[in-house]
Number of protein chains: 4
Amino acid sequence: MSSSTFFRSMLTTIADRGRALVRRHGPMVEDLLEDAAKLMPLSAKGQPKRDLPTLCDTLLSGRGEASGVALAGQILDQWARLDTAGQRAFLLDLAYRFGPDPIKLDKAINAYRAAPGAGTALALHNAAEARRQELFRRLNLAPGGTEAVVRMREALFRVMADAQGVEKQALEAVDADFSHLLASWFNRGFLVLRHIDWTTPANILEKIIQYEAVHTIRDWDDLRRRLAPADRRCFAFFHPQLPDDPLIFVEVALAPDIPASIDALLAEGRAPMAEEDATTAVFYSISNCQEGLRGVSFGNFLIKQVVEDLRAELPNLRTFVTLSPVPAFAKWLARERGDEASAVLAAADKAILAALDQPDWQRDPGTAATVSPVLLQAAAHYFLKAKSRGNKPVDPVARFHLGNGARLERLNFLGDLSPKGLTQSHGLMVNYLYKLDDIETNHERYADKGEVVAAAAVRRHLKAESGTDEPKPPKPDKTGVSKRARPATDTAPPPVV
Amino acid sequence: MSSSTFFRSMLTTIADRGRALVRRHGPMVEDLLEDAAKLMPLSAKGQPKRDLPTLCDTLLSGRGEASGVALAGQILDQWARLDTAGQRAFLLDLAYRFGPDPIKLDKAINAYRAAPGAGTALALHNAAEARRQELFRRLNLAPGGTEAVVRMREALFRVMADAQGVEKQALEAVDADFSHLLASWFNRGFLVLRHIDWTTPANILEKIIQYEAVHTIRDWDDLRRRLAPADRRCFAFFHPQLPDDPLIFVEVALAPDIPASIDALLAEGRAPMAEEDATTAVFYSISNCQEGLRGVSFGNFLIKQVVEDLRAELPNLRTFVTLSPVPAFAKWLARERGDEASAVLAAADKAILAALDQPDWQRDPGTAATVSPVLLQAAAHYFLKAKSRGNKPVDPVARFHLGNGARLERLNFLGDLSPKGLTQSHGLMVNYLYKLDDIETNHERYADKGEVVAAAAVRRHLKAESGTDEPKPPKPDKTGVSKRARPATDTAPPPVV
Amino acid sequence: MSSSTFFRSMLTTIADRGRALVRRHGPMVEDLLEDAAKLMPLSAKGQPKRDLPTLCDTLLSGRGEASGVALAGQILDQWARLDTAGQRAFLLDLAYRFGPDPIKLDKAINAYRAAPGAGTALALHNAAEARRQELFRRLNLAPGGTEAVVRMREALFRVMADAQGVEKQALEAVDADFSHLLASWFNRGFLVLRHIDWTTPANILEKIIQYEAVHTIRDWDDLRRRLAPADRRCFAFFHPQLPDDPLIFVEVALAPDIPASIDALLAEGRAPMAEEDATTAVFYSISNCQEGLRGVSFGNFLIKQVVEDLRAELPNLRTFVTLSPVPAFAKWLARERGDEASAVLAAADKAILAALDQPDWQRDPGTAATVSPVLLQAAAHYFLKAKSRGNKPVDPVARFHLGNGARLERLNFLGDLSPKGLTQSHGLMVNYLYKLDDIETNHERYADKGEVVAAAAVRRHLKAESGTDEPKPPKPDKTGVSKRARPATDTAPPPVV
Amino acid sequence: MSSSTFFRSMLTTIADRGRALVRRHGPMVEDLLEDAAKLMPLSAKGQPKRDLPTLCDTLLSGRGEASGVALAGQILDQWARLDTAGQRAFLLDLAYRFGPDPIKLDKAINAYRAAPGAGTALALHNAAEARRQELFRRLNLAPGGTEAVVRMREALFRVMADAQGVEKQALEAVDADFSHLLASWFNRGFLVLRHIDWTTPANILEKIIQYEAVHTIRDWDDLRRRLAPADRRCFAFFHPQLPDDPLIFVEVALAPDIPASIDALLAEGRAPMAEEDATTAVFYSISNCQEGLRGVSFGNFLIKQVVEDLRAELPNLRTFVTLSPVPAFAKWLARERGDEASAVLAAADKAILAALDQPDWQRDPGTAATVSPVLLQAAAHYFLKAKSRGNKPVDPVARFHLGNGARLERLNFLGDLSPKGLTQSHGLMVNYLYKLDDIETNHERYADKGEVVAAAAVRRHLKAESGTDEPKPPKPDKTGVSKRARPATDTAPPPVV
């Protein structure tokens, strides 16, 4: 109640300040620099600025303690002024000069070996910690420090892209420290789930447009169509230190059944349905927003939290499902088609699939009808049999959802007719089903045994030998999946499994 | 502007939920337990609950990944039900079973020794990390996890109080892991400074009453007198995950000059001054609130942030000063008085100080006038000469402020006439001055050379031999310290410079 | 969602400003005065201030239009400085000099009589409007204007209390204009219902303590007991222009059945019940807060809104009932006891009731048992038969609830043992039942026919002839609610005392 | 502080509810209808709905009191379902059946004539009040009532547009009642000024795009250019009952001096200036948003409040000025050019102005240079001499700003090269100066004497006889108007005065 509103306004202090600074002075840290200057010993005034590594040493030393906030700001400011070469140089400094102290580490190893125990192990742990970890923690003292560290890691990625050999290894150690720290700071316990809708501030919506990575948002009208209708939802995770910048978001459509086509779902003229009539929530787009947080996992938590929230809001919802792209399918299929020894495709199949090389093949109903069973059979192989390193499925989206405990529910022929969809997967889309009661078991089957948990309808494609295997509507199950899976508005040729 | 209000409401999600759960079900985690139960494999249902260490192992294993939030909640719930013995047992489990894996650690040492480098050092660091650190991070997935970890450390302190020998050492290693993680989570970058006043929610004010550690707040009327008047301020640091619970707070009085007496400052009948006439901000009480965050330092940041905020709000403020207790003085003085070889007190001094043993000695103006110079001379010794281990001053409050870069500004005879004040320091209070331009230098002088930075007026007491050393008003300096430092309401005997 | 948070912060502008002004300058309007001074014509500067009625004339004239806000502030400031005599003089000025213009009114009457129609009637309406109505509307231009007008009416009440004859009549016309305008400004459409609980800001809670008019709140602990437990609720209406000052509030207890005793309800040691187990919401205290809004009716709306909100929050609630005082009963009964021709009390009854004159009569079980049936029979007369002017019940609380469409549900012997309760009603309390389906019908029966809608159990007391109808005190149980508390829908035999 | 955040969240209750209803059920009042149905007497159930006027009678009668909120909702719901003919019929009912009661009015006149006095005048005022006024007040009981009444008045305007004679008069009386009530409800004291910027919720920004009436906002990018840069501001008034819908807003540019051209001001590529360097705030667009509030004046208050706020935020601002269109100039000039007896234009002038009939005349520097002095001379006449009815200037924008106490500061030749600008004023724009010290005097000169207060530079154009009257830069005055009035970005030939 009102103490939560107290809390609300409580959290704005830093955000407001940061924004005011940015607004007034461009590089936010200008001010901090001046403040820092005031705090510096007289002797330092009027002298050339201390260089970045020296400042970092000072910040790490006890001596800078009294003015830690100012020093951290000063470092971030100098960092912000660096060009690419300067950034590279500093990051290499971090790699070479701010690792663990080898002498201390050696001593700690000896002490541990001499008397292994809780205390010596702890001391060894501390001695083996790279000094830059503490440096990053202290940089976080400055206003905007958290974001600055995230952005610094993005710069590291750019530098690493060109690095090689030992240098690359050294930078990877820096990245490991970034990664460790950011995983702790962006722990799920610190994230906040927020509903994004048409009443969300424009500066945040603008970022949704920018970050959308699955089905491009063309403009504000397109955005409005995804947020404003009663049968649409959008949720994002935020962190208190990046209040205007989402970490990850998911777009949701409420539907009467499991949809097979993104085109129907996003059609401009469509009539929204009443939200309380919906039985199915469709996650049709999930986008990570912060490159600097690569490897810090949010998607699993996001989906489960959203499922929970939607169930509380709309008790009629019984099915939670994705409508997902199949990003690596076309590439994999091309390989199989070119592989004379393909275990997946027979010569006859390859002949049929040759149609895929014709432009606009999908517009001809006859061609589509011929291609459909062969392509779906291949797709079943792609998901169920083909494995990448680590005995995981080839498809990255599949790895994500299966790892979350979802089930591969259905293959949707020609579900995405956009150029991107045709290019990456010949229009194929799939649904992953999140059934709460099965998530843990599914996850275990996948994680322990590498099993791809899939509905019978998907597995059936594997052995689909004849054209008589007329695509059948998915069988209803207790989760409320409807008998007619094809969206009502979709009157096009057989798009469905 | 409005995106900050967006942010405000954004942050309430978790807080609201937590509170609603607590309200409805008492132990918040009941619900989570049930949720977790749903997510557990069928085989587990109806079976006896898995014990706490097993659950922790599951949470740490990959297998529990899909239901991490639920598992974390379940662990916290079982923890919440433990009695003291159960807590002790679990904390010892943490100590003995969740340290680093000795075999992996051994291998990592060997690998590092074989080829010292960034990669092997990093691997060694990871191998030396106690498994409980990752456990604590995963517990933080659960709603309320951050607070639960703080409270768990409080339980650890209680257990440690009775522990000895090896057991104690093992628990200290657990504490080191808590401490490391909490320092990272409660990094200054994540803290939010909030103004506390008479419009603050009652559930938070109630905690201010409870946590005040310096000058007891007797009741709500007393609280009102400290918050509502125009010449009073109070600031606290909060963390987003403990939105209703301050971490530390400071009470501030606006004043025309440096005050010498807490009694005058808090007098019931006093007339507030106009805030824009104030030249001096007096920090008269600073209290840490969370025992579980012991060792995580907030005070330094708090004072500096408050100085900055007050300067922005009230440009007339030029002096920032404390009015501080002297908690260890009476004990130290008793020792000196009992020490025949005391280098501080001559026999004549001891004779005069014998008056201190008379009840209500301070009420007799003659006695007070006689005691004053001797006691102040002793106090000057106490601050400037007496040292505890580490070559630091005996007085803990002095160590805090001097470490922050403040200067010991003035000794105030009979500044605190409360029973507590008379008992702990014979009524003595002191002022520490925070002068922004000198903080860094002061800090260095103190940290590097162990020097107690003090005003001349304080140092002068060291050699004050005669009663003729008529207390003089403090000399004005550029910081805006007024010429008449004695508060107007103070008509008592020479309270001193 | 976030646009509502936008709205939230939107509304604070004025509130914050007002508060900042008050805080800095005491009389908020100081500043406005200065602003107004700047806006005044040069000729006016340096001259004696224009008097209040002149300023009001200026504000009403077109000439002041450009500086209306400043002028309004100036008037409110001068008003705030007036002593009682000055206030009286100004209010009489309002009465005599700011009524309708008699010449214009005369012309408008003539015009209407000459050609009755929409246009001339409208013109007549305008001509008959007292000029002070427009004045009050323009005073509302100033920050804090709404509250100032409310307070001005409170001053009017004080002046009216001593006025007589023509003067009184003239002031009553002023009051009619205040009343008309305030009813429009404080229209239910502009009110906001808010939950008051232990997280509400202290400055508002302090007003709850102050305004509580039924069962005194002794201190903050007492307040906490009424707000913090899970089975307690409190709701208040606020107006955007008086954001820190409630207009009316109601305290609610959740209970397992209809309670008979306020003492049990508010007992210090009681154990709260789980809110979801409650079937009954008990309105045990309703207090109007603003004397200056006398006659503007909020209670009816408040109760109905709260019923609606509670039903939404707690679907198990089925009974909504008051536990109400009977403020005029003892006085009425004394009259009947002293009336030799009383139609209510027989001589034998009077003899029994003589016990009421003994101190602590209620502590003797025998006396209480004897008094009970006679007193309840008299009470039934008091409610069902005795009428004040306008054919309404004598009891003001009864008039309020019956007018709202509630039903008199039960008489509770010795329901309030506080000194106030014993003095005003010999401890009698009653319940009024709000049954949504019957409210309209009940209201009509009461409003049209003057019928007091009462449960059979109440009506039965009228003819209670025998002492065998042994009134039994409700047996206390641990929740403090009586065992015999059959809900109101119960038309069965004598449920109680 | 936090009680203002308390207040913030306090105000959302109604807003949230309204929005939730709208979202779920389309016509918000569906629900209310059902609630009302429940409250209606049994006899009414299952019967045909009562018609609208009957419902209104019930709402006005005492009988409906207990269910006023529900009845009001029911009426608004039925109103919302009416087609145009039905609306017309109901509004005529309001006109004919809900005026004052003629018999009561007659009696009240007689009583007043018999004994003129405060009491009888008040009774007469009440009797002359149309019953629909109370009806409107009671409709406001329903959630969304305020907005519904505003929208009802918009419907009235549509009906009035086609009405004639007596019917029109009757509807005008209805409008007078709407107008009276809305002026009271939308009193400046109840309005809230809010900053609109790029962090404002999209649903509100969308309305800014829609309502902009002066310089069309083409799309979201155009909007962003007006809101996001550091040297732009936008402010709007809101009312608590229409939280998502602005009443009026003003767009402001911060500038180094008084600008002469809207094209330069809104140019896409322009470089924003640092806000703290700005000396001039330019109000370049003011738009009223609510047709239903026609005649309720907000602009004067808005401008003055914004001036005050900007001065507080940016102390360097010294000049507050508009850059305004001249909407009626081209039409007036055409009349003068066609008038053989024109006192304004000599034959030679007309010959020169014939160039205006050539397309793109303004693109030829020679033509522009020839036209400039003649057109400016005519414009000076237009502003200073030409008068419409009521002895006011012809130009509506001039009437608004002069009525506010502003001064006509400068004529800007070719300040607006948009098609609209060329059509309505041959590209002419003007500046009105708001100088706080002069506002009251200016207003008086204008209001009392009909004087158009104008700078010497404007008046000089009146007598500009020769082409030698080389346009001079405006003379600086104490208000901080810079010597170089031409915007820095403007490098074109003399566009100015």
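Quick caveat: nothing in here was measured; it's all calculated off a predicted structure.

(A) Representation of the overall build of chain A. The helix and strand inventory of chain A stands at 22 helices and nine strands. Among the 497 residues that make up chain A, the fraction classed as buried is 58%. Restricting the contact set of chain A to residue pairs at least 6 apart, pairs at least 24 apart contribute 72%. Total accessible area on chain A stands at roughly 19,600 Å², and carbon and sulfur atoms take up 54% of it.

(B) Region of interest: the UniProt feature "domain: Malonyl-CoA decarboxylase N-terminal" (unreviewed entry) in chain A. Taking the numbering used here, the UniProt-annotated feature "domain: Malonyl-CoA decarboxylase N-terminal" (unreviewed entry) corresponds to residues 98-186 of chain A. For residues 98-186 of chain A, the helix share is 81%, the strand share is 0%, and the end-to-end C-alpha distance is 23 Å.

(C) Structural context of the pattern of salt bridges. All names here are of chain D. Throughout the structure, instances matching the rule amount to 127 salt bridges over all chains. Measuring nitrogen to oxygen at the nearest pair gives 3.1 Å for the salt bridge that ties R151 to E147. Taken together, the residues span about one helical turn, with R151 and E147 both in helix α10 (residues 145-162) at a distance of four residues. Put simply, D231 and R232 hold a salt bridge, and the shortest N to O gap is 3.9 Å.

(D) Fine view of unusual backbone geometry. Within the chain, D360(B) stands out as a residue other than glycine whose phi angle is a positive 60°. Mapped onto the fold, D360(B) is located in the loop between α17 (347-353) and α18 (365-384).

(E) Layout of the packing of helix α6 (residues 84-97) of chain B against helix α9 (residues 131-139) of chain B. Residues and elements named next belong to chain B. Packing of α6 against α9 brings their axes to within 8 Å, and their N-to-C directions diverge by 130°. It follows from the interaxial angle that α6 and α9 lie oblique. Where α6 abuts α9, its residues L94, A95 and R97 lie against R131, R132, L135 and F136. Its residues assigned to classes, the contact of α6 with α9 shows four nonpolar, no polar and three charged.

(F) Just the domain arrangement of chain A, in detail. The domain boundaries assigned to chain A delineate domain 1 (49-186), domain 2 (189-324) and domain 3 (328-461). Spacing between the C-alpha centres of domain 1 of chain A and domain 3 of chain A amounts to 44 Å.

(G) How the structure looks around the packing of aromatic side chains. On inspection of all chains with the given rule, the structure shows 38 aromatic pairs over all chains. In this structure an aromatic cluster arises from ring pairing among W198(A), W220(A), W198(D) and W220(D). It is R294(D) that lies over the ring of F157(D); its NZ or CZ is 3.8 Å from the centre.

(H) Broad picture of the environment of A255(C). Residue placement: A255(C) occurs in strand β3 (residues 248-255). In the structure, A255(C) is positioned ten residues away from L265(C) in sequence and 9.0 Å away in space, judged by C-alpha atoms.

(I) Just helix α15 (residues 299-313) of chain C, in detail. Taking 1.5 Å per residue as the helical rise, α15(C) with its 15 residues ought to reach 21 Å, and the 21 Å between its terminal C-alpha atoms agrees with that figure. Of the residues making up α15(C), those classed as buried are G299(C), N300(C), F301(C), L302(C), I303(C), K304(C), Q305(C), V306(C), V307(C), D309(C) and L310(C).

(J) Looking closely at the state of the cysteines. Summed over all chains, the structure comprises zero disulfides over all chains. Of all cysteine sulfurs, the one in C234(C) lies closest to C289(C), which takes part in no disulfide; the gap is 9.3 Å.

(K) Inspection of the UniProt feature "domain: Malonyl-CoA decarboxylase C-terminal" (unreviewed entry) in chain A at higher detail. Those residues carrying the UniProt feature "domain: Malonyl-CoA decarboxylase C-terminal" (unreviewed entry) are residues 189-435 of chain A in this numbering. Between the C-alpha atoms that bound residues 189-435 of chain A there is a distance of 24 Å. The span itself is 36% helix and 19% strand.

(L) A look at the pairing of strand β9 (residues 429-433) of chain D. All names here are of chain D. When you tally the buried positions in β9, you get five out of five residues, the bulk of the element. Residue alternation in β9 divides its side chains into two sets, M429, N431 and L433 and V430 and Y432, and both sets are buried. Here five bridges tie strand β8 (residues 407-412) to β9, and the two strands are oriented antiparallel to one another. Each bridged residue has a counterpart across the sheet, and for L408 the counterpart in β9 is Y432.

Calculation rules
Residues numbered from 1 in each chain as written. Chains lettered and ligands numbered in written order. Predicted model: local features only at pLDDT ≥ 70, side-chain atom pairs only at ≥ 80, totals over all residues. Heavy atoms only, no water. Helix = DSSP H or I, 4+ residues; strand = E, 2+ residues; numbered from the N terminus. Buried < 20%, exposed > 50% of the residue type's maximum accessible area, 1.4 Å probe, protein only. Contact = heavy atoms within 4.5 Å. Areas by Shrake-Rupley, 256 points an atom, 1.4 Å probe, with all protein chains shown as cover. UniProt positions renumbered as here; feature names shortened; annotations may be inferred. Salt bridge = Lys/Arg side-chain N within 4 Å of Asp/Glu carboxyl O. Axes fitted to C-alpha atoms, helices over the stretch in contact; angles between N-to-C directions. Parallel < 35°, antiparallel > 145°, perpendicular 65-115°, else oblique. Nonpolar A, V, L, I, M, F, W, Y, C, P; charged D, E, K, R; others polar. Domains from an automatic or database assignment. Phe/Tyr/Trp six-rings, centres within 6.5 Å; stacked < 30°, edge-to-face > 60°. Lys NZ or Arg CZ within 6 Å of the ring centre and 35° of its normal. Expected span 1.5 Å × (residues − 1). Disulfide = S-S within 2.5 Å. Pairing = 2+ DSSP bridges.

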